[in-house]
Amino acid sequence: MIDKIQTLTEEIKNLSATLPEQVEELRIKYLSKKGIISALFNDFRALSPEEKRQLGQPLNILKNFATEKINSLRENLSASASDDSAALDLSRTETPLPLGSRHPLSIVKNEICDIFARMGFSIAEGPEIEDDWHVFSSLNFAADHPARDMQDTFFIARNPADVLLRTHTSSVQTRVMEKAQPPVRIICPGRVYRNEAISARAHCFFHQVEGLYIDRNVSFADLKQVLLTFAREMFGPQTQIRLRPSYFPFTEPSAEMDISCNICGGKGCAFCKGTGWVEILGCGMVDPNVLDACGIDSKEYTGYAFGMGIERITNLKYRVKDLRMFSENDVRFLSEFEAAKR
Ligand code: DAH
């Protein structure tokens, strides 16, 4: 049998084909179930254990060699075939068309949504052109709160009804609560607008994900656990969180959440300004005034809310240094994310 294997190896080395049908004939001759190599494997089964030990490896090598040879014949043919047809097929582009890639903000938004979807949150969306009630008044902003100021908010029309570009996705909370009774468990991704001078660190539009959970007996501990789970899913199991007391009109108590800097691992670097921590979101227990304003009985229900900037999370994941790159649509920048998780 060893002679046979050697002869066949020589024979296969010299195989050639000019047509795809010939390659197929060769494949059938050597590699199909009734082919020469399968026949050798059949003979092999009847051999003594000693012979098997000697011949097993050469036989496998032969089979692999034949497979590779026939595949390479096929590839050569199809490469030259496409060269030929490029000259003939007038509908083909001269150079291959580059494929687009997902925008880094979309990649990260999808990842955030996936993590919360696994924890039972569903996605809710609302309009970018909003009114004062949904963006401010229903969320317990005082009538003279500075966020309503022209400096921050893009007003489209002042009177009779205020029309403005939403400054945060918290407006979607109101839209959902006005329609639905608890339990409500949603996340709301979307674009928001603020009247800021454009620079590397600020833009007049950016993206947020808002979260809201309302039911009986929802507590701050529930909020903390959900946010810890999110942080570890997003940035890795070693991630630590810390909550610092803060203020938002629509939550009481309120907090800001930091994660241990995932760039230096908490040791302190330029990104975290040497502190080892970076702020990623605001959160708190929904203020009873907000529940009542949206038609939910604050004596019966409690809830938590949180909101984060997608650009910030993306910077932490991919270290994008200049916010403007997200909206310039420079393909050299965008194509860097091709291999990233979609
Ligand atoms: N709306 C806040 C902002 O735009 C973010 C935020 C903070 C949302 C705390 C929340 C929250 O739901 O509880 O900066």
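For clarity, every value in this text was computed on a predicted model and none was experimentally measured.

Now for the site of the ligand. Contacts to the ligand come from 15 residues, most closely from H168, S170, R194, Q208 and E210. Within the contact set of the ligand, an oxygen atom lies 2.9 Å away from a side-chain nitrogen or oxygen of R194. Interatomic distance of 2.5 Å between a side-chain N/O atom of E210 and an oxygen atom of the ligand. Considered on its own, the ligand offers 360 Å² of accessible surface; in the complex 89% of this is hidden by protein. Looking at the shell around the ligand, the elements that each hand over two or more residues are β6 (205–215), β9 (277–286) and β10 (302–309).

Our next topic: the layout of surface pockets. Counted as a void, the second largest pocket has a volume near 160 Å³. Lining the second largest pocket we find H103, L105, R191, H203, F205, F206, H207, E311, L323, F326, S327 and N329. Every element with two or more residues in the lining of the second largest pocket is listed here: β6 and α11 (325–328). The leading source of residues in the lining of the second largest pocket is β6, at 3 residues.

Turning to helix α1 (residues 2–13), a few remarks are in order. Between its terminal C-alpha atoms α1 stretches 17 Å, which fits the 16 Å expected from 12 residues at 1.5 Å a residue. Every buried residue of α1 is listed here: I5, L8 and I12. Viewed end-on, α1 has its buried residues packed into an arc of 65°, placing them on one side of the element. Away from the buried face of α1 by more than 90 degrees, exposed residues D3, Q6 and T7 are located.

Looking now at the pairing of strand β7 (residues 241–248). As paired elements, β7 and strand β8 (residues 251–260) share 7 bridges and run antiparallel to each other. When the sheet's bridge partners are listed, P245 is paired in β8 with A255. Count of turn residues in the β7/β8 antiparallel hairpin: 2 residues.

Read from one edge to the other, the open sheet built from 7 strands follows the order β1-β5-β6-β10-β9-β8-β7, with strand pairing classed as mixed. Two strands close off the open sheet at either side, each with one partner strand: β1 (122–123) and β7. Sheet topology note: the strand β5 (residues 184–193)/β6 ladder contains 10 bridges and is antiparallel. Directly across from I186, in β6, lies its bridge partner L212. Together, β1, β5, β6 and β10 form the strand contacts of helix α5 (residues 104–118), whose direction differs from that of β5 by roughly 165°.

What follows concerns the packing of α5 against helix α8 (residues 220–235). With their axes 10 Å apart at the nearest point, α5 and α8 run at an angle of 135° to one another. One finds that α5 runs oblique with respect to α8. The two elements α5 and α8 meet at a crossing, and its hand is right-handed. Together, V108, E111, I112, I115, F116 and R118 of α5 and V226, F230, E233 and M234 of α8 make up the contact between the two elements. Tallied by class, the residues present in the contact of α5 with α8 amount to 7 nonpolar, no polar and 3 charged.

Next up on the list: the environment of K299. Here K299 is to be found in the loop between α9 (288–293) and β10. The exposure class of K299 is exposed, given its relative accessible area of 78%. Between the alpha carbons of K299 and I129 there is a distance of 32 Å; along the sequence they are 170 residues apart.

On to unusual backbone geometry. Residue P183 is reached from P182 by a cis peptide bond, and omega for that bond is 0°. Within the secondary structure, P183 is located in the loop between α7 (171–179) and β5. The linkage connecting E252 with the following residue, P253, adopts the cis geometry, with an omega of -5°. Here P253 lies in strand β8. Positioned with a positive phi, N217 is a non-glycine residue whose angle comes to about 60°. Positionally, N217 belongs in the loop between β6 and α8. By relative accessible area, which is 72% here, N217 ends up exposed. Despite not being glycine, K273 shows a phi value in the positive range, around 50°. In this structure, K273 sits in the loop between β8 and β9.

Within the structure shown, the criterion is met by 13 aromatic pairs. An angle of 75° between the planes, with centres 5.0 Å apart, marks the rings of F136 and F141 as edge-to-face. An identical accessibility class is assigned to F136 and F141; each is buried. Where F333 meets F337, the ring centres are 5.2 Å apart and the plane angle is 75°; that geometry is what we call edge-to-face. Accessibility expressed as a relative area gives 7% for F333, which makes it buried. Here the aromatic cluster, defined as three or more aromatic residues joined through ring pairs, consists of F116, F121, Y213, F230, Y304 and F306. We note K63 situated over the ring of F41; from NZ or CZ to the ring centre the distance is 5.7 Å. Over the ring of F205 we find R191, and its NZ or CZ is 4.6 Å from the ring centre.

Reading guide: rules and limits
Position numbers for residues count from 1 along each chain, tracking the sequence in the order it is written. In view of the model being predicted, local features appear only for residues whose pLDDT reaches at least 70, and side-chain atom pairs are presented and counted only at 80 or more, with totals across whole chains, interfaces and linings using the full set of residues. The side-chain values count all of the structure's non-hydrogen atoms but skip hydrogen atoms and water molecules. Consider each residue's heavy atoms; a residue with any of them within 4 Å of a molecule or strand counts as near. For the purposes of these results, a polar contact is taken to be a pair of N or O atoms within 3.5 Å, where, inside protein, one atom must be able to donate a hydrogen and its partner to accept one; residues adjacent in sequence count only when each atom of the pair is a side-chain atom. Note on areas: these come from Shrake-Rupley sampling with a 1.4 Å probe, and a residue is covered only by the protein chains present in the view. By definition, any uninterrupted DSSP run of H or I lasting at least four residues is a helix, any uninterrupted run of E lasting at least two residues is a strand, and each is numbered from the N terminus. Cavities and pockets are defined on a 1 Å grid built over the protein atoms alone: a cavity is a set of grid points where a 1.4 Å probe fits but cannot escape, while a pocket is an open set with protein on both sides within 12 Å along at least five of seven lines, and lining residues are those with an atom within 4 Å of any such point. Grid points are joined across faces, edges and corners, and a volume is the space filled by probe spheres set on the points. For a helix, the expected span equals 1.5 Å multiplied by the number of residues minus one. The cut-offs for exposure are 20% and 50% of the maximum accessible area for each residue type, with area from a 1.4 Å probe on protein chains only; residues under the lower value are buried, those over the upper are exposed, and the others partly exposed. Directions from the helix axis toward the C-beta atoms define the arc. Here, any two strands with at least 2 DSSP bridges between them count as paired. The contact rule is simple, with two residues in contact once any of their heavy atoms fall within 4.5 Å. For helices, the axis comes from a line fit to the C-alpha atoms of the stretch in contact; other axes are also lines fit to C-alpha atoms, and the angle between any two N-to-C directions lies between 0 and 180 degrees. Note on terminology: angles under 35 degrees are roughly parallel, angles over 145 are roughly antiparallel, angles of 65 to 115 are roughly perpendicular, and the others are oblique. Note on convention: near helix rotated counterclockwise from far helix by under a right angle means a left-handed crossing. Clockwise means right-handed. Three classes are used: nonpolar for Ala, Val, Leu, Ile, Met, Phe, Trp, Tyr, Cys and Pro, charged for Asp, Glu, Lys and Arg, and polar for all others, with Gly counted as polar. Only rings of Phe, Tyr and Trp enter the pairing, Trp through its six-membered ring, and a pair is recorded when the two centres are within 6.5 Å. The plane angle decides the type: under 30 degrees is stacked, over 60 is edge-to-face, the rest tilted. Counted as over-ring charges are cases with an Arg CZ or a Lys NZ within 6 Å of the ring centre that also lie within 35 degrees of the ring normal.

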